[in-house]
Every structure is written in C-alpha cells, then in structure tokens.
Amino acid sequence: MSEAELVLRSTRVITPEGTRAASVTVAGGTITAVLPYDAPVPDGARLEDLGDDVLLPGLVDTHVHVNDPGRTEWEGFWTATRAAAAGGITTLVDMPLNSLPPTTTVDHLRVKQKVAADKAHIDVGFWGGALPDNVPDLRPLHDAGVFGFKAFLSPSGVEEFPHLDQDQLARSLAEIAAFDGLLIVHAEDPHHLAAAPQQGGPKYADFLASRPRDAEDTAIAALLAQARRLNARVHVLHLSSSDALPLIAEAKADGVRVTVETCPHYLTLTAEEVPDGASEFKCCPPIREAANQDLLWQALADGTIDCVVTDHSPSTADLKTGDFATAWGGISGLQLSLPAVWTAARARGHTLEDVVRWMSRETARLVGLDGRKGAIAPGHDADFAVLAPDETFTVDPAALQHRNRVTAYAGRTLHGVVKSTWLRGERIVADGEFTAPKGHLLTRTN
C-alpha cells in the first residue's frame, strides 16, 4: 500500500457501514483506509481536520444536459462542472441531446469528448442516444464507452433528437439487450399528450393539465412490458407521476430489470406554489401537487425509486418566457441539488445517509461506477463533499456558477452549506475559490 499523503478527519464521516468519527487516508488519489478518529497521522501525510462538518462521498449526478458543443450559450462543460463542484458533485454523466451534434454516433461522441477534455472541473461520462434510425450505431457506441442510451417516447423539444414509437423502441431495446446495455427513457406517451388540453399562456394550472399523469403512466407501462419481454435493462428518467409507482413496484417484484429516478424539483417544489408566469418552474414531466410529492418520498423510502438526479436542463433567459406553452422546459439545479434535497429530507425525518444513498451510491451503481465512486471506502476514488448540514443560506441567483442564472429556488432558505469539494484527493473548490479543471473523462470501460 502506498504511504498516506493526506488524512481527512471528521467527527462525522458517512461510510457504507454508517456515520462515525473517522480519519480517512488518501494516497495517489485513492482512499487507502478508513481509520479510527484518533488514529496517528502517518509520517509525511497532511492532516485536514474538518471538525464537525460532515464528510460525504462526492455526489454522482447521472442526468445533466451540458449542451456543449453547439448550444454553449445555454451552458457548457466549464460552467456546468463548476456549478456541480460548488454543489458537492464530483461526477456527472452528460445527456446526448441539446448538444450539436447529439451523441448518437461514435464520431459525435469523440467531438464531445474533445470539447470536454480541458474544461471539466469534475469527472464526466457520457450517455449515447437511441434514435429511430441509429440502431446500427448502438453497439459501436457501447464499445466506445457510453454508459447507456437515452430515448424519448414523446417529442424531445429539439428536432435533431426525434422520439421512438413503440416499434422503434422494440428494435432499439432488442439491440441494446443483445449486449446487456442500459436504455434510459423519457417516458411520456405522445397520444395522451396530444389529447390533453393545450391552453398556453401564463397559468401554471393550464400547463400542468397539458402534461397529465396518464401520459407518464401509459408510457411506463409500455416500457415495462418491453423490458419484461426482452429481459432488458431499462431506467425510468425523472419520474413525477406517483400513479406509476404500483406498476413499477410490481415489475420490480416480478424481476423486471428496471430502475427509477426522480429529481430534486419533484421532491421540493409543488404545483400549488408555482406562480403564474414563473416559467423557471417549467419542466417535462411537470412539478405536480403536494399529495403526489408525498408519495414520491414514500417510494424513495421503500426503494421503489432508486435515486435522485438533477436533470439539469438550462437555457438562455430569453427562452424562459412567461408563457408556459412556449418557454423552454428545464430546471437548472446542479449547484443546489444537495441542499435542496437535504432541506426537504431532514424535514421528513430522513438522514444524510439516505441522501448519500440516493444521490451517490445508487447513481454510481446505475452506471457501473460503484467500484470506485459513491462511497468512502478503501479502493474508491478520494472524491468528497464537506457539508455543514445545519447551516443555512438564502439562494441568490448571482452566486450560482451555471451560465444562465435562472433558478426556481431564488429566495429560498436551504439547509446544508457545501464547504469544500475534493476530487481524487485534491480540493477543487472551497469557499467559492476554484482550482484549474482537474476532471477526467470517464467511459464504461475505464
């Protein structure tokens, strides 16, 4: 074993075995041991005493729209990864759409990797895309190291990334199942969306009615049927409809290979509190009612929902108009995801260990990185977030690091201040001061 170079000591370290006082030793960017709190500091090692601040494994966010290259006025690897680092996220996986070109061929993946290489403040991996006409590209993308494939079952909002109908879904999923890949799915049924009232205008209630729960429920039921038939691995993205939970629980009990995520905005914001005209709250599927939110929390607690991710989907401010029909649908949440979820979780009696499970351990497991990410344990990357869980702050959009500082959390008081973030044993941000980019590009095979 290498000699320890760094020791991080805290009275509260969240490990796979629970929270305890400990000293964590690091060498060569890797955790080498989790020792008793008062263990002697090895000769030559630097001690960082964190006091009572909590040492968490760095968060792993598997649902981020970086939009780079092609729509860098919306976001970009430099700004997105700074925002992530400021929020305690040390690994993200970038979605294949909203960039130009989309990540739907190996050549397009190489373009994106080249752009990201010298801009990433944290580790970055990539999803591929499943389109109606790119089934032959799926296996080469898998072999090139994407973590899986994103598909829409309803229009995506950008013309270069069309959705799959049910026959196309079957063909793509059969190909992906042949190499035991993972299909991640935006599950809303286009027919139910088309049949819903489309009022437009500034009223949130009208927008909510235009994206009914049965659109999610129907699409998820069809996806589960395909996964059952093919014994395929599928993942339901950004679940907002609690009505789909019994279907999902039954499928899991029957051995269907399905996992499910939800997002901070569905867990912390409610339809009842969205002001008319406030399209910073617009996302698809939408933020639903408080009673629906209660059931999502229950599903997180019982394991029906596996993980929590941001679905960070920014745009320029001019696309967030007061008309919910025409405004861009996406919530920017990278920097605030940990405190937002922790604020709501603690109010419901959950612990930071629960938050770490949902936002680090299970997301790392989803993309097969759980052997090196998502836990403070020997052999894992020395990726950490240091959190003062009882301190509060009021969200000021001017303090956010993502490119367009539009946020649904403006003015909210949140619990949990991220004091510093560490990547492979190096502090990459502390008190708003950033180092140069130190992120690595990750693939499924490295």
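Note that this is a predicted model, so its numbers are computed, not measured.

Asker: Would you mind going over the packing of aromatic side chains in detail, with residue names and values included?
Answerer: A ring pair, where both rings are aromatic, is described by two values, the distance of the centres and the angle of the planes. Enumeration according to the criterion identifies eight aromatic pairs in this entry. On the basis of an interplanar angle of 75° and a centroid distance of 6.0 Å, the ring pair of phenylalanine 152 and phenylalanine 161 is categorised as edge-to-face. The same class applies to phenylalanine 152 as to phenylalanine 161, namely buried. By the ring-pair criterion, three or more aromatic residues cluster together here, those being Tyr204, Phe207 and Phe324. Between the NZ or CZ atom of arginine 9 and the centre of the ring of tyrosine 37, over which it lies, the distance is 5.5 Å.

Asker: Explain the nonpolar core residue by residue, including any values.
Answerer: Counting residues in each nonpolar core, the largest one holds 101 residues, and the members touching the most others are Leu56, Phe149, Leu183 and Leu239. With 20 residues, the next largest nonpolar core counts Val60, Met95, Phe152 and Val367 among its residues.

Asker: Can you explain the pairing of strand S13 (residues 258-262)? Please cite residues and give values.
Answerer: Counting buried positions along S13 yields four of five residues, so the element is predominantly enclosed. With three bridges joining them, strand S12 (residues 233-236) and S13 adopt parallel strand pairing. Residue pairing for S13: valine 234 is matched across the bridge by valine 258. At this point the chain moves from S12, through helix H8 (residues 245-253), to the parallel S13, and the crossover so formed is right-handed. Bridge count for S13 against strand S14 (residues 307-308) is two bridges, and the pairing is parallel. Residue pairing in the sheet places glutamate 261 in a bridge with cysteine 307 of S14.

Asker: Give me the environment of glycine 411: which residues, what numbers.
Answerer: Within the secondary structure, glycine 411 sits in the loop between strand S15 (384-394) and strand S16 (413-423). Here glycine 411 falls in the exposed class, since its relative accessible area comes to 52%. For the pair formed by glycine 411 and aspartate 318, sequence separation is 93 residues and the distance between their alpha carbons is 21 Å. If we ignore the near neighbours within four places in the chain, the residues touching glycine 411 are Thr394 and Val395.

Asker: With reference to specific residues and values, describe the side chain of threonine 310.
Answerer: Tracing the backbone shows threonine 310 in the loop between S14 and helix H11 (337-347). Here the side chain of threonine 310 touches histidine 312 through a polar contact of 3.1 Å, landing on its backbone nitrogen. Among all residues touching threonine 310, those that are not within four sequence positions of it are Asp61, His63, Val64, Cys263, Pro264, His265, Gly333, Leu334 and Ser337.

Parameters and conventions
- By convention here, each chain's residues receive numbers from 1 onward along its written sequence.
- For a predicted model such as this one, the threshold for reporting local features is a pLDDT of at least 70, and the threshold for listing and counting side-chain atom pairs is 80 or more; totals across whole chains, interfaces and linings nevertheless cover every residue.
- Only heavy atoms go into the side-chain values, all of them from the structure, while hydrogens and water stay out.
- Each Phe, Tyr or Trp ring (for Trp, its six-membered ring) is paired with any other whose centre lies within 6.5 Å, and the angle between the two planes then decides the class: stacked below 30 degrees, edge-to-face above 60, tilted in between.
- Note on exposure labels: buried denotes an accessible area under 20% of the residue type's maximum, exposed denotes more than 50%, and partly exposed covers the range between, all computed with a 1.4 Å probe on protein chains only.
- Only lysine NZ and arginine CZ atoms are considered, and such an atom sits over a ring when it is within 6 Å of the ring centre and within 35 degrees of the ring normal.
- In this description, a nonpolar core means a group of buried Ala, Val, Leu, Ile, Met, Phe, Trp, Tyr and Cys residues linked to one another through side-chain atoms lying within 4.5 Å.
- Per the convention used, a helix needs a DSSP run of H or I reaching at least four residues, while a strand needs a run of E reaching at least two, with both numbered from the N terminus.
- Any two strands with at least two DSSP bridges between them are considered paired.
- The handedness rule is simple: strands pointing away from the viewer, and a clockwise path from the first strand over the helix to the second, make the crossover right-handed.
- Throughout, a residue-residue contact means that at least one pair of heavy atoms, one from each residue, lies within 4.5 Å.
- Polar contacts, as used here, are pairs of N or O atoms within 3.5 Å; protein pairs need one atom able to donate a hydrogen and one able to accept it. Residues neighboring in sequence count only if both atoms are side-chain atoms.

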